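Observations on the model geometry
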Amino acid sequence: MVRKIFAALVVPAMATAATASQPAYRPVPIPGVRHYTYQVIQTINGTTHKGYRTLFDIESKGGELFAIVRSTSELDADSWKPVAPEPACRKAMDGGTDSIARVKLYPLGTNARDLGASFLDLCAPPAVFFPLTDILNAVIIPLPGSFRATELRKAGDSVSFTGFEAAFDRAGERIREATDGGEVRLAALDDLKAAIEWSPHRARLTTIDQTPQGPLTLDGTEAWSFRVEVDPHTGIMARASTTSDELDLKIVGAPDSVPHVRISRAVTIERQ
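Below is a summary of the structure that appears in this document. Since the structure is predicted, the reported quantities are computational estimates derived from the model, not experimental observations. (Residues numbered from 1 in each chain as written. Predicted model: local features only at pLDDT ≥ 70, side-chain atom pairs only at ≥ 80, totals over all residues. Heavy atoms only, no water.)

What follows concerns the packing of aromatic side chains. Summed over the entire model, instances satisfying the criterion amount to 12 aromatic pairs. Seen from their ring centres, F129 and F168 are 5.2 Å apart, and the 80° between their planes marks the pair as edge-to-face. Here F168 lies in strand 6 (residues 158–170) and F129 lies in helix 2 (residues 126–140), a separation of 39 residues in the sequence. Neither F129 nor F168 differs from the other in exposure class; each is buried. For the ring pair F164 and W198, a centre distance of 6.4 Å and an interplane angle of 20° mean the geometry is stacked. Of this pair, F164 sits in strand 6 while W198 sits in strand 8 (residues 194–200), and the two are 34 residues apart along the sequence. F164 sits in the buried class, given a relative accessible area of 16%. What makes W198 buried here is its relative accessible area of 0%. The ring centre of F66 lies 4.0 Å from the NZ or CZ of R102, which sits over that ring. (Phe/Tyr/Trp six-rings, centres within 6.5 Å; stacked < 30°, edge-to-face > 60°. Helix = DSSP H or I, 4+ residues; strand = E, 2+ residues; numbered from the N terminus. Buried < 20%, exposed > 50% of the residue type's maximum accessible area, 1.4 Å probe, protein only. Lys NZ or Arg CZ within 6 Å of the ring centre and 35° of its normal.)

What follows is the structure in structure tokens.
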């Protein structure tokens, strides 16, 4: 499974009201804990389906954001199979009596930006780690940082952001992805919501999976975008989803006659 991880820069939170010098929405959520459901369905070559479903909270405290994973499941054939980490792993992931893991999303420390052990202990099963990468991706889009969404003032405004690279090596998968930039746009703004659309340029992608037969390397591209809706007065995320996510990958070393691996991903995050 392919994920995108980006670290936002840290700047002070601004006031709620939108003026010529202020963002159109509150850029950092007010303090508190909110409950969400995450789901991803991945369709491979039009037939095979994989996915995760996670119940989690977002805690906003002192200008920092944390994700608290309550439960998670993996799509197995046509049903969802709960995933329960061992007690020692739960403890290593800062889980508690009613949670599996607690992870800092914002601001990310320098050591956490490779999504290694300083982000989440390496014992984390894929059903915990991979949903958190999408959650991180959606949460930081509206926040102050390098994606520049806080510079948007009115519906229709857009700004470009610079290129970035994401990489990690864990959970049996090594990924490196890079794009030369993209655009963030304020798609809608009213008293109830600010809708932000984030669209990187087509990215170059290499993924290496560890299989019983040895490493399997795929190389190709990914084109994806997210839409995130927040309450303009509180900064609280109401929902987020991919508006598109398409991967076109070739198995490295395979004959040209071998078809490409084509994957589409549908991510949704809804507030409970």
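Once the structure has been displayed, the description carries forward.
Moving on, we come to helix 2. Across its 15 residues, helix 2 extends 21 Å between first and last C-alpha, which sits within 8% of the 21 Å expected from 1.5 Å per residue. Within helix 2, 14 of the 15 residues are buried, leaving the element largely enclosed by the surrounding structure. (Expected span 1.5 Å × (residues − 1).)

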